[in-house]
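Fold and geometry: a report
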Amino acid sequence: MTTTMPTATTAPAPTAPRRGRSAARRRNTPLTIAMLAALAYFLLPLFWLLVASTKSTQDLFDSFGLWFSRTPQLLTNIRTTFTQDDGVFVHWLLNTAVYAGVSALGAALLAAAAGYGFAKFRFRGDRAAFNLVLGAVMVPATALAIPTYLLFAKAGLVNTPWAIILPSLVNPFGLYLMRVYAEDAVPDSLLEAARIDGAGEARIFFRIVLRLLAPGLVTVLLFTLVATWNNYFLPLIMLNDPNLYPITVGLASWAAQAQNGGAGSSSDMLPLVVTGSLISVVSLVLAFLLLQRYWQSGLAAGGVKQ
């Protein structure tokens, strides 16, 4: 009996798992190629932008587009971008940060409050109102630009920061997202316990619900931040003061000067447009990475500790 037990436990069977792992690798090869292609598709324009920001006007047309020139001048381009036209690019950058930051915070709070209301309260016409929100998701923002301009012109808000901030506060998709998220993230038993303890609805929302909705809140904030930061058409029709321009409209005005300048001095604006675009992208990426930490941590820290 002692001689048969080792033979039963020492059967060599590592071949089947190895074949399974190799087959899994072969099956995942097309997926890996597709992911690498998608990665190259998204990163290649950013790499070109970084390379082009190190070149002069002549190098932009004479050198290879996807590699650096012999005399890179990134720091010179950055310095010139911030000092061109008495430092108007700094105003554009600050304007964009204010527009995007205020709009993102306001839109996230409004979406959280409205989504929580639709999810946890029942009132007359709630389904019709929510269906109206779903219909608004399908309406493109460009279709509302001209009516919004006429409305703000009647109110005397054209060529003011409110002409950019107020329309950005309305986010139908964010409201829909928060409503779906609040249905499962906010337990009814927790709300009833808070009401029994004497907490008002405002206190429940700001002290309990917002903590539970933290991941969804940051998601809406990120979406609104990116959308407002990259918004071009609405500021183009709402603003005519260069000191109020965001980066998108400001860089477009510089690009128009570069195209109209030809071989003159205005043609030197082209490297500034490229460098300004790089600064705008880097600023947005940094903001996204900063908020992503709260986005991920909110998934585990959304509960209320007693």
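Residues numbered from 1 in each chain as written. Predicted model: local features only at pLDDT ≥ 70, side-chain atom pairs only at ≥ 80, totals over all residues. Heavy atoms only, no water.

By size, the foremost hydrophobic cluster in this structure holds 52 residues, and its most contacted members are Tyr116, Val186, Val209, Leu213 and Trp254. Those residues within four positions of Tyr116 in sequence are excluded, and the remaining contacts are Phe121, Ala182, Val186, Leu191, Arg195, Glu201, Ile204, Phe205, Val209 and Leu213. (Core = buried A, V, L, I, M, F, W, Y, C linked by side-chain atoms within 4.5 Å. Buried < 20%, exposed > 50% of the residue type's maximum accessible area, 1.4 Å probe, protein only. Contact = heavy atoms within 4.5 Å.)

On to helix H12 (residues 214-229). The end-to-end C-alpha separation of H12 is 22 Å, in line with the 22 Å expected for 16 residues at 1.5 Å each. The element H12 is largely enclosed, with a buried count of 12 among its 16 residues. Residues Pro215, Gly216, Leu217, Val218, Thr219, Val220, Leu221, Leu222, Thr224, Leu225, Thr228 and Trp229 constitute the buried set of H12. (Helix = DSSP H or I, 4+ residues; strand = E, 2+ residues; numbered from the N terminus. Expected span 1.5 Å × (residues − 1).)

This model, assessed by the stated rule, comprises 13 aromatic pairs. A centroid spacing of 6.4 Å and a plane angle of 80° characterise the contact between Phe47 and Phe68, whose relative ring orientation is edge-to-face. Here Phe47, found in helix H2 (residues 15-52), pairs with Phe68, found in the loop between helix H3 (57-62) and helix H4 (74-83); they are 21 residues apart in sequence, far enough to count as distant. The exposure class of Phe47 is partly exposed, given its relative accessible area of 31%. (Phe/Tyr/Trp six-rings, centres within 6.5 Å; stacked < 30°, edge-to-face > 60°.)

With that settled, the discussion passes to the confidence of the model for the chain. Averaged over all residues, the pLDDT of the chain is 84; the fraction at 70 or higher stands at 85%. Contacts for the low-pLDDT stretch residues 1-9, under 50 throughout, to residues beyond four places or in other chains number 0 contacts. Every residue in residues 298-306 is under pLDDT 50, and counting partners more than four places away or in other chains gives 8 contacts. (pLDDT = per-residue confidence, 0-100.)

Let's shift gears to the packing of helix H6 (residues 126-137) against helix H9 (residues 172-185). Two quantities define a packed helix pair, namely the angle between the helix axes and the distance between the axes. Here H6 crosses H9 at 130°, and the two axes come no closer than 8 Å. Accordingly, the angle class assigned to the pair H6 and H9 is oblique. Considering how the two elements wind past one another, H6 and H9 form a crossing that is left-handed. Contacts between H6 and H9 involve Phe130, Val133, Leu134, Ala136 and Val137 on the former and, on the latter, Pro172, Phe173, Leu175, Tyr176 and Arg179. Here the contact of H6 with H9 is composed, by residue class, of 9 nonpolar, no polar and 1 charged. (Axes fitted to C-alpha atoms, helices over the stretch in contact; angles between N-to-C directions. Parallel < 35°, antiparallel > 145°, perpendicular 65-115°, else oblique. Left-handed = near helix turned anticlockwise from the far one by under 90°. Nonpolar A, V, L, I, M, F, W, Y, C, P; charged D, E, K, R; others polar.)

Counted at 1.5 Å a residue, the expected span for H6 with its 12 residues is 16 Å, and the 17 Å between its end C-alpha atoms agrees. For H6, the set of buried residues is Asp126, Phe130 and Val133. Along the axis of H6, the buried positions cluster into a sector of 50°, meaning they face one direction only. Opposite its buried face, H6 presents the exposed residues Arg127, Ala128 and Leu132, each directed more than 90 degrees away. Taken together, the buried residues of H6 touch helix H5 (88-120) and H9. (Arc of directions from axis to C-beta.)

Right, let's talk about unusual backbone geometry for a bit. For Asp85, which is not glycine, the phi torsion reads 55° and is therefore positive. Look at Asp85 and you get partly exposed, because its relative accessible area is 42%. Notably, Asp86 is not glycine yet its phi reads approximately 60°, a positive angle. Positionally, Asp86 belongs in the loop between H4 and H5. Among the residues examined, Asp86 registers a relative accessible area of 79% and is labelled exposed.

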